[in-house]
Amino acid sequence: MERVRFYQIGSYAAGNRLLDGELQTVQSDTHRTNSLNSGHRACQGCGEALGARYALDAVMRATGNQMVAVNATGCLEVFSTPYPETAWQVPWLHSLFGNAPAVATGVAAALKAKGRTDVRVVGQGGDGGTVDIGLACLSGMFERNDDVLYICYDNGGYMNTGVQRSGATPHGAATTTTPAVGPQPGNDFGKGKNLPAIAMAHRIPYVATATVADLRDLEYKATRAMEFRGARYLHVLVPCPLGWRTASNETVKIARLATETGIFPVFEAEDGEVVAVSKIRKRRPVGDYLQPQGRFAHLFGATPREDVIAKIQAEADRNVRVFGLTDPEVPVHGVVS
Ligand SMILES: Cc1ncc(C[n+]2csc(CCOP(=O)(O)OP(=O)(O)O)c2C)c(N)n1
Ligand code: SF4
């Protein structure tokens, strides 16, 4: 007898239709935009493709389909728009690698000048485009409090051009520019940027983090962001099977391990202050997250690098302490189980 298969587990797409309309997820709506349509050329299991579709579909619903997206150069742009084709079913622009926040600002300004404040603007890009080359434009967008939601899809490297290190590459990870050689293999400790913290320091109305492990939470945060006017920032952890050297069917599992270990804190902040965090119900050691990833394989060889793993554990411990990820006193938004 053939085993019954349950498709879309965890996507809240099918069974969710039984709920009241108000409570239904965006993906359960058969009339949703499907902003990033099938036929694009992302790798199998690409977290960025998954995250972008959920985020933009949610924005489309929140705005009554009145939205323009501006994309930085990177995988999301390249795999979705091989000329003359496009997988986007929303108004979408691409200009350069580093100027997406500035172009998004310009689109918002033009819409305002035309009196079209009903049309909302989303800027988006990978972590290289956002935390490195695009940071000046993004900081300006934050400082001016321009009416744009900017979404960073963080896969921890410049994946489109061959897995080079970015300012968001995790410490100890091997990339093509931080190889696993020498006494301190992989990406240097003590370097890099925490962009959600930088965004919060601008005291913009809304900053949030999310992962593709909790797609309902991602939909919620994209929707919530559209309730604010002014600059908003959403930082989404999106595993990349190619660059992380993970199995393509483990993208969601790996993202979940990032949250369960405390490596990636999931929270919301308003006007620079944390207002909600996703709690970790059962905490796991960072090794559970690191070991399935080829980019950390050098830490688990014949002589495991316990010293490096301990440093990464200390970073996770700090996140848990700073965000109160296991502390019942800190306000709860969701639960990471
Ligand atoms: C000014 C400029 N420098 C370099 C490039 C080449 N380039 C295109 S995409 C890319 C990497 C994008 O990385 P990231 O923003 O992290 O997005 P990902 O591909 O990882 O999603 C680079 C370096 C470019 N297009 N423009
Ligand atoms: S390289 Fe990574 S980010 Fe790019 S399409 Fe493949 S899985 Fe997605």
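Definitions and limits used
- Residues numbered from 1 in each chain as written.
- Chains lettered and ligands numbered in written order.
- Predicted model: local features only at pLDDT ≥ 70, side-chain atom pairs only at ≥ 80, totals over all residues.
- Heavy atoms only, no water.
- Near = heavy atom within 4 Å.
- Polar contact = N/O pair within 3.5 Å; in protein donor to acceptor, adjacent residues only side chain to side chain.
- Helix = DSSP H or I, 4+ residues; strand = E, 2+ residues; numbered from the N terminus.
- Nonpolar A, V, L, I, M, F, W, Y, C, P; charged D, E, K, R; others polar.
- Buried < 20%, exposed > 50% of the residue type's maximum accessible area, 1.4 Å probe, protein only.
- Pairing = 2+ DSSP bridges.
- Axes fitted to C-alpha atoms, helices over the stretch in contact; angles between N-to-C directions.
- Parallel < 35°, antiparallel > 145°, perpendicular 65-115°, else oblique.
- Left-handed = near helix turned anticlockwise from the far one by under 90°.
- Contact = heavy atoms within 4.5 Å.

1. Some thoughts on the site of ligand 1
Taken together, 16 residues lie around ligand 1, and C75, G128, G129, G157 and M159 are the ones closest in. One of the backbone N or O atoms of G157 is found 2.8 Å from an oxygen atom in ligand 1. Ranked by the residues each element gives to the shell around ligand 1, the list is headed by helix α4 (residues 127-132), at 3 residues. Along the lines of polarity and charge, the residues of the shell around ligand 1 split into 5 nonpolar, 9 polar and 2 charged.

2. So, the pairing of strand β3 (residues 120-126)
Burial of β3 is extensive: 7 of the 7 residues sit out of reach of the surface. Residues R120, V122, Q124 and G126 line one face of β3 and the alternating positions V121, G123 and G125 line the opposite face, and both faces are buried. Where strand β1 (residues 67-71) lies against β3, 5 bridges are found, and the strand directions are parallel. Considered in β3, the bridge of N71 is made with Q124. Bridge count for β3 against strand β4 (residues 148-154) is 6 bridges, and the pairing is parallel. Bridge assignment links G123 to a residue of β4, and that residue is Y150.

3. Quick look at the site of ligand 2
Residues in close proximity to ligand 2 include A42, C43, C46, C75, F79, N155, M159, C240, P241 and L242, which together make up its full environment. Elements that contribute at least two residues to the shell around ligand 2 include exactly α2 (75-80) and α8 (241-244). Broken down by class, the residue content of the shell around ligand 2 amounts to 9 nonpolar, 1 polar and no charged.

4. Remarks on helix α9 (residues 251-260)
What sets the pattern is the α-helix's 3.6 residues per turn: residues three or four places apart point alike. Most of α9 sits inside the fold, with 7 of its 10 residues counted as buried. For α9, the set of buried residues is T251, I254, A255, L257, A258, T259 and E260. Remark: G262 follows α9 within two positions and exhibits a positive phi of approximately 90°.

5. What to know about the packing of helix α1 (residues 47-62) against helix α7 (residues 215-225)
Orientation of α1 relative to α7, taken along the N-to-C sense of each, is 45°, at an axis distance of 8 Å. Relative to α7, the element α1 is oriented oblique. Two packed elements cross with a definite hand, and for α1 against α7 that hand is right-handed. Across from L50, G51, Y54, A55, A58, V59 and A62 in α1, the residues of α7 making contact are L215, L218, E219, A222 and T223.

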